[in-house]
Amino acid sequence: MGLAYGNLGMRKDAIEAYKQAIRIKPEHAKAHYNLGVAYGELGIRKKEIEAYKQAIRIKPDYAEAHRLLGAAYGESGMEKEAIEACKQAIRIKPDYAGAYYCLGVAYCKLSMHREAIEAYKRAIRIEPDDAKYHFNLGINYVILGMDREAIEAFKQSIRIKPDYAEAHYFLGNAYGKLRMDREAIEAYKQAIRIKHDYAEAHYYLALNYLMLDDRGSALEEYKILKNLDLKVANELFNLIYK
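Residues numbered from 1 in each chain as written. Predicted model: local features only at pLDDT ≥ 70, side-chain atom pairs only at ≥ 80, totals over all residues. Heavy atoms only, no water.

Q: Explanation requested: the pattern of salt bridges in the structure shown.
A: Any two side chains of opposite charge can pair, given that their charged atoms come close. Counted according to the given criterion, the structure contains 13 salt bridges. Among the ionic pairs, lysine 155 bridges to glutamate 152, the shortest N-O distance being 4.0 Å. Placement of the pair is lysine 155 and glutamate 152 together in helix H10 (residues 147-160), with a separation of three residues, close to one helical turn. Under the relative-accessibility criterion, lysine 155 is labelled partly exposed at 39%. Note that lysine 189 is salt-bridged to glutamate 186, the shortest N-O span being 3.9 Å. Of the two residues, lysine 189 and glutamate 186 are both situated in helix H12 (residues 181-194); the distance of three residues between them amounts to about one turn of the helix. Residue class for lysine 189 comes out partly exposed when judged on its relative accessible area of 36%. Glutamate 186 gets classed as partly exposed once you look at its relative accessible area, which sits at 45%. (Salt bridge = Lys/Arg side-chain N within 4 Å of Asp/Glu carboxyl O. Helix = DSSP H or I, 4+ residues; strand = E, 2+ residues; numbered from the N terminus. Buried < 20%, exposed > 50% of the residue type's maximum accessible area, 1.4 Å probe, protein only.)

Okay, structure coming up:
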């Protein structure tokens, strides 16, 4: 019954159903796990964490519960605990791409970007066709100033998911840092084609037009940006006419 409620988006009803299942069978690890998932979907992190812990107490080799416990810790700002939970999931299930991804997210939040890169690479080796793995790998390359590597990661993300607006946007940023302005312009245009109200993409598209002394095109982006983010539009206006 809990799964049926969950599939219908009736999460509070799902929680009550899982609680009832647990009252009938307290050592039902899957019910505790599903209860954690339902709490997580409502953003109730403390209860989510406690539910996963109960699932793990009953079934210590429950890799999925360890991984989601790690994700819940990460959402709660408890990155060190998140790392340990994800590592435990990996010890149980060494080819668990999702656990490596979770580990990478936690490392990134702690500014351990080289460790994050290795975690994302491991996830990609296991599941090479997950766009977000490549995207997050690219973000960590950007942070470390490894822009050429970032470009390849974002390209892979886009190959898998062509309508990934954020990947096109960050690809544009990486091109821009290398002064590959025409390539940056095309990347920003793709981001905007997918997400018309992408204010940051309009702004950086305009900046790259200015790099090529194309003030007219930059001004067109300013006109669009006025309706999306007036503060950013005014900043752009000042750059166009400085």
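Q: Even after reading the chapter, I still don't get the packing of aromatic side chains, so can you show me in this structure?
A: Aromatic ring pairs are defined here through the distance separating the ring centres and the angle between the ring planes. Taken as a whole and judged by the stated rule, the model has 16 aromatic pairs. Where phenylalanine 135 meets phenylalanine 170, the ring centres are 5.7 Å apart and the plane angle is 75 degrees; that geometry is what we call edge-to-face. Of this pair, phenylalanine 135 sits in helix H9 (residues 131-143) while phenylalanine 170 is found in helix H11 (residues 165-177), placing the two residues 35 residues apart along the sequence. A ring pair is formed by tyrosine 203 and tyrosine 204, whose centres lie 5.1 Å apart and whose planes are at 90 degrees; its orientation type is edge-to-face. (Phe/Tyr/Trp six-rings, centres within 6.5 Å; stacked < 30°, edge-to-face > 60°.)

Q: Explain the side chain of asparagine 208 here, please?
A: By the element assignment, asparagine 208 lies in helix H13 (residues 199-211). Note on asparagine 208: relative accessible area 5%, which makes it buried. Setting aside residues up to four positions removed in sequence, asparagine 208 forms contacts with Gly176, Asp181, Ala184, Ile185 and Tyr188. (Contact = heavy atoms within 4.5 Å.)

Q: Honestly, H9 in this entry has me stumped. Any pointers?
A: Given 3.6 residues per helical turn, the α-helix brings residues three or four places apart onto the same face. Spanning 13 residues, H9 covers 19 Å between terminal C-alpha atoms, matching the ideal 18 Å at 1.5 Å per step. Counted residue by residue, H9 has ten buried out of 13 residues, so it is predominantly covered. Within H9, burial applies to Ala131, Tyr133, His134, Phe135, Asn136, Leu137, Gly138, Ile139, Asn140 and Tyr141. On its buried face, H9 sits against helix H7 (97-109), helix H8 (113-126), H10 and H11. Remark: glycine 145 follows H9 within two positions and exhibits a positive phi of approximately 75 degrees. (Expected span 1.5 Å × (residues − 1).)

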